[in-house]
Amino acid sequence: ASLINELLEGPERLTDQTAEGQQPDHGQTKSHGGGHEQVLPEGIRGSLHDADRGEFYFKRSDIEAVRCEFRGKYPFWHNDGLLVEHCLFREGARAAIWYSRNLRMKDPRVEAPKMFRDMDGMVLENVVLTDALECCWHCRNAKLRGVQAEHGDYLFMHGENIDVDGFRLNGNYSFQYCRNVVI
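Residues numbered from 1 in each chain as written. Predicted model: local features only at pLDDT ≥ 70, side-chain atom pairs only at ≥ 80, totals over all residues. Heavy atoms only, no water.

**Q** Can you explain the overall build of the protein chain? Please cite residues and give values.
**A** Counting its secondary structure elements, the protein chain contains 1 helix and 21 strands. Scored against the burial criterion, the 183 residues of the protein chain give a buried share of 46%. Contacts in the protein chain between residues far apart in sequence, at least 24 positions, make up 17% of those at least 6 positions apart. Within the structure as shown, the protein chain displays about 9000 Å² of accessible surface, and the carbon and sulfur contribution to it stands at 42%. (Helix = DSSP H or I, 4+ residues; strand = E, 2+ residues; numbered from the N terminus. Buried < 20%, exposed > 50% of the residue type's maximum accessible area, 1.4 Å probe, protein only. Contact = heavy atoms within 4.5 Å. Areas by Shrake-Rupley, 256 points an atom, 1.4 Å probe, with all protein chains shown as cover.)

Printed below as a string of C-alpha cells:
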C-alpha cells in the first residue's frame, strides 16, 4: 500500500504533543507503529496551543488527542469524530470545541469557558469543567457521566436530547429552553 493510503486508514493521533503559534493544521501526518501522529510545524515546542501566541487549530475528521495541553483559542472547530482523553484545556483555550459532531471526551480537565457550542453527538465522561460559563449552547444528543461543572451559568442553553448521570453543577440559569433532558 502507498503511504497516502496508509495515512488515510486511521484517525489522526496527537499523543503527548507540543505546539504553539498561530497556524492552522494543514493535515500533515506520519505513520508509526501502526498508528499516525500529527506532524507539527517545525520549531514548535511548549504546549499545544499557547494563549500568548494566538491560535493553532485542527479542522478535520477522526482526530484523537491523548495527554495534550491546549492553551490557545479555537483548537477544534468543524470536526467530525473527535476523541479527547486525559487532556488539559487551559483558560486561554476558550471556545475549544465548536460546530462539531461525534465527540467523545474522557478524563480531561477544562479550565476554559465556552467549551462546547453547536455540537451534535457528544459523550463526556469524568470531565471537570472549572469555568463552564456559557458552555454547551445549542448542543444536541449529549450524554454526560461523572461531570463536574463550576461557574456553569447558562449551561446547555437551547440544548436537546441530553442524558445526564453523576452530575455536579454550580451555576445559574442552566438548561434554559432545553428539550428532552434526563438528569
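Additional details are given in the paragraphs that follow.
**Q** Now, about the sheet that holds strand S14 (residues 116-117): what can you tell me, with residues and values included?
**A** Spatially, S8-S11-S14 is the arrangement adopted by the 3 strands of the open sheet, whose pairing is parallel. Two strands in the sheet have a free side with no partner beyond their single neighbour: strand S8 (76-77) and S14. (Pairing = 2+ DSSP bridges.)

**Q** I'd like a description of the nonpolar core, backed by residues and values.
**A** Core analysis: the biggest nonpolar cluster contains 37 residues, and Phe-89, Ile-97, Leu-103, Met-105 and Phe-116 have the highest contact counts within it. When contributions to this core are tallied by element, the ones reaching two or more residues are strand S6 (61-66), strand S9 (80-85), strand S12 (101-106), strand S15 (120-125), strand S17 (140-145) and strand S19 (160-165). Ignoring anything within four residues of it in the chain, the contact list for Leu-103 reads Leu-82, Val-84, Ile-97, Phe-116, Met-119, Gly-121, Met-122, Val-123 and Leu-124. (Core = buried A, V, L, I, M, F, W, Y, C linked by side-chain atoms within 4.5 Å.)

**Q** Please provide a residue-by-residue account of unusual backbone geometry, values included.
**A** A positive phi angle, near 60°, is found at Phe-156, a position not held by glycine. For Phe-156, the location among the structural elements is in the loop between strand S18 (148-150) and S19. Exposure remark for Phe-156: the relative accessible area of 0% places this residue in the buried category. With a phi close to 60°, Tyr-173 is a non-glycine residue in the positive phi region.

**Q** Please set out the environment of Ala-95 residue by residue, giving values where relevant.
**A** Tracing the sequence through the fold places Ala-95 in the loop between strand S10 (88-89) and strand S11 (97-98). For the pair formed by Ala-95 and Ala-112, sequence separation is 17 residues and the distance between their alpha carbons is 7.5 Å. Excluding residues that lie within four positions of it along the chain, Ala-95 makes contacts with Tyr-74, Trp-77, Pro-113, Lys-114 and Met-115.

**Q** Break down the packing of aromatic side chains for me, with residues and values.
**A** Tallied over the entire structure, the rule returns 9 aromatic pairs. On the basis of an interplanar angle of 15° and a centroid distance of 4.6 Å, the ring pair of Phe-70 and Phe-89 is categorised as stacked. Of this pair, Phe-70 sits in strand S7 (residues 69-70) while Phe-89 sits in strand S10, and the two are 19 residues apart along the sequence. Looking at Phe-89, the relative accessible area reads 0%, which means it is buried. An aromatic cluster of at least three residues, connected via ring pairs, comprises Tyr-74, Trp-77, Trp-98 and Tyr-99. (Phe/Tyr/Trp six-rings, centres within 6.5 Å; stacked < 30°, edge-to-face > 60°.)

**Q** Any chance you could break down the side chain of Glu-69 for me, citing the residues and the numbers?
**A** On the secondary structure map, Glu-69 appears in strand S7. In terms of polar contacts, Glu-69 uses its side chain to reach the side chain of Arg-71, at 3.0 Å. (Polar contact = N/O pair within 3.5 Å; in protein donor to acceptor, adjacent residues only side chain to side chain.)

**Q** Describe the sheet that holds S10, listing the residues and the values that go with them.
**A** Pairing is parallel in the open sheet, where 6 strands are placed in the order S7-S10-S13-S16-S18-S20. The sheet is open, and its two edges are formed by S7 and strand S20 (168-170), each paired on a single side.

**Q** Please set out the pairing of S12 residue by residue, giving values where relevant.
**A** Two elements, S9 and S12, share 5 bridges in a ladder whose sense is parallel. Pairing of Glu-85 across the sheet is with Lys-106, part of S12. When S12 meets S15, the two strands line up parallel, connected through 5 bridges. Looking at the pairing, Arg-104 lines up with Val-123 of S15.

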